[in-house]
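For reference, the chains in residue letters:
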Amino acid sequence: AKSTRGNQYRLYRPNMDEANDKWLLLETKLHQALKKDILELHYQPKIDLKTDKVVGMEALLRWYDPELGQMPPDRFIPFAEECGLINDIGVWVLKKACAQARAWNQTYNLNLRVAVNISPIHISTFGFVKMVRGVIAETKIDPHTLEIEITEMSMLDYTEDLINTIEQLRSLGITISLDDFGTGYSSLNYLKKFPVDVLKIDRAFVRDIVPEKSGIAMISAMISLAHALNLQVVAEGVEEEAELKVLREHGCEFVQGYYFSKPLSVEEFTNSILKNV
Ligand code: C2E
Ligand code: CA
Ligand code: CA
Ligand code: CA
């Protein structure tokens, strides 16, 4: 048995080394990017369907590395969660987004709400609320203009502690929204217990609105469910007029998507959105 294992070891070792090297390189680069302020936030406008006005924006992380190119967050966020960088990234994103929102609201005399994505791992960390309070004090953001988006995945780690954390954040005036609704593993029972303010319907459902009749039924049911639970609804990934029409008809409150705007750099957002609000 020993010699077999020895062989396997030799067989797999080169690959493992390569994987290890890649992992280390990525970790080092991400760490550097964070330290040197190379990470960037882009902002995607959220539109209120009652007024057709921009009422807020979601902060989305961007990482460009000269060697690796543009790294999609869908890939490096899970990596950051695994290698333990996610909490530092979360703090960085929160500070940056709050400072930006406060500056925009001051300069343009607005009341836009900024939404920040927080990893379930981070929000479950001891001291999270204290950290958020610190950032609010430091950036002077009005907590009513801050929203935290957490994915449904975190429902798996549904605990009294997490509920308690969310309650504390809400009592500060922060809005809590449940991201990617419908794609995770949570049961409706969890939803009932989970003290959130907003449901974000995943793009997968929005995309199905047009070609399939059942798509409309799904959206309609999700919106009804949200309203029955006293939650507001954001639909994400709206790309087409026809999707928008159905969402409007069914009383969806807010939308985001390429139909209105892709996520924009600070400069782009300032020039093309704020000057027209
Ligand atoms: P998400 O939170 O569900 O964000 C929505 C994603 O959909 C964004 O991708 C956005 O650019 C994209 N999107 C928006 N409108 C449309 C549309 O009309 N059509 C299509 N096809 N896509 C649209 P992005 O920026 O690549 O982010 C991917 C995911 O990475 C996010 O999904 C979120 O889970 C994660 N992420 C991004 N930034 C952060 C961050 O600062 N912290 C954490 N923890 N996660 C982040
Ligand atoms: Ca999100
Ligand atoms: Ca989402
Ligand atoms: Ca997503």
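Residues numbered from 1 in each chain as written. Chains lettered and ligands numbered in written order. Predicted model: local features only at pLDDT ≥ 70, side-chain atom pairs only at ≥ 80, totals over all residues. Heavy atoms only, no water.

Asks: What's the story with unusual backbone geometry in this structure? I'm lost.
Replies: Backbone geometry follows two general trends: most residues other than glycine have a negative phi, and most peptide bonds adopt the trans configuration. The backbone of Asp-37 sits at a positive phi, close to 60°, despite the residue not being glycine. As for its placement among the helices and strands, Asp-37 is situated in the loop between helix H1 (2–35) and strand E1 (40–48). (Helix = DSSP H or I, 4+ residues; strand = E, 2+ residues; numbered from the N terminus.)

Asks: Is there a simple way to explain helix H11 (residues 266–273) in this structure?
Replies: Every buried residue of H11 is accounted for by Phe-269, Thr-270 and Ile-273. All buried residues of H11 fall inside an arc of 110° around its axis, so they share one side. On the buried face of H11, the contacting elements are E1, strand E2 (53–65) and helix H3 (86–108). (Buried < 20%, exposed > 50% of the residue type's maximum accessible area, 1.4 Å probe, protein only. Arc of directions from axis to C-beta. Contact = heavy atoms within 4.5 Å.)

Asks: Help me understand the site of ligand 1 in this model?
Replies: By nearness alone, 21 residues border ligand 1, and Gln-44, Arg-62, Asp-179, Glu-239 and Tyr-258 come closest of all. Arg-62 places a side-chain nitrogen or oxygen 2.8 Å from an oxygen atom of ligand 1. Asp-179 is positioned with one of its side-chain polar atoms (N or O) 3.0 Å from an oxygen atom of ligand 1. Burial of ligand 1 by the protein amounts to 83% of the accessible area it has alone, namely 800 Å². Looking at the shell around ligand 1, the elements with two or more residues in it are E2, helix H2 (73–83) and strand E6 (175–181). No other element matches E2, which puts 4 residues into the shell around ligand 1. Here the shell around ligand 1 is composed, by residue class, of 8 nonpolar, 5 polar and 8 charged. (Near = heavy atom within 4 Å. Polar contact = N/O pair within 3.5 Å; in protein donor to acceptor, adjacent residues only side chain to side chain. Areas by Shrake-Rupley, 256 points an atom, 1.4 Å probe, with all protein chains shown as cover. Nonpolar A, V, L, I, M, F, W, Y, C, P; charged D, E, K, R; others polar.)

Asks: Is there a simple way to explain the packing of aromatic side chains in this structure?
Replies: Any aromatic ring pair is given by two values, namely how distant the centres are and how the planes are angled relative to each other. Summed over the entire model, instances satisfying the criterion amount to 6 aromatic pairs. Judged by centre distance (4.7 Å) and plane angle (65°), the ring pair of Trp-23 and Phe-79 falls under edge-to-face. Here Trp-23, found in helix H1, pairs with Phe-79, found in helix H2; they are 56 residues apart in sequence, far enough to count as distant. Residue Trp-23 is classed as partly exposed on the basis of its relative accessible area, which comes to 32%. Between the aromatic rings of Trp-104 and Phe-269, the centroid separation amounts to 4.6 Å while the plane-to-plane angle is 25°, which identifies the pairing as stacked. With Trp-104 in helix H3 and Phe-269 in helix H11, the pair connects residues that are 165 residues apart, well separated along the chain. By the burial criterion, Trp-104 is buried, and Phe-269 matches it. Each member of the aromatic cluster is reached from another via a ring pair, and the members are Tyr-43, Trp-104 and Phe-269. (Phe/Tyr/Trp six-rings, centres within 6.5 Å; stacked < 30°, edge-to-face > 60°.)

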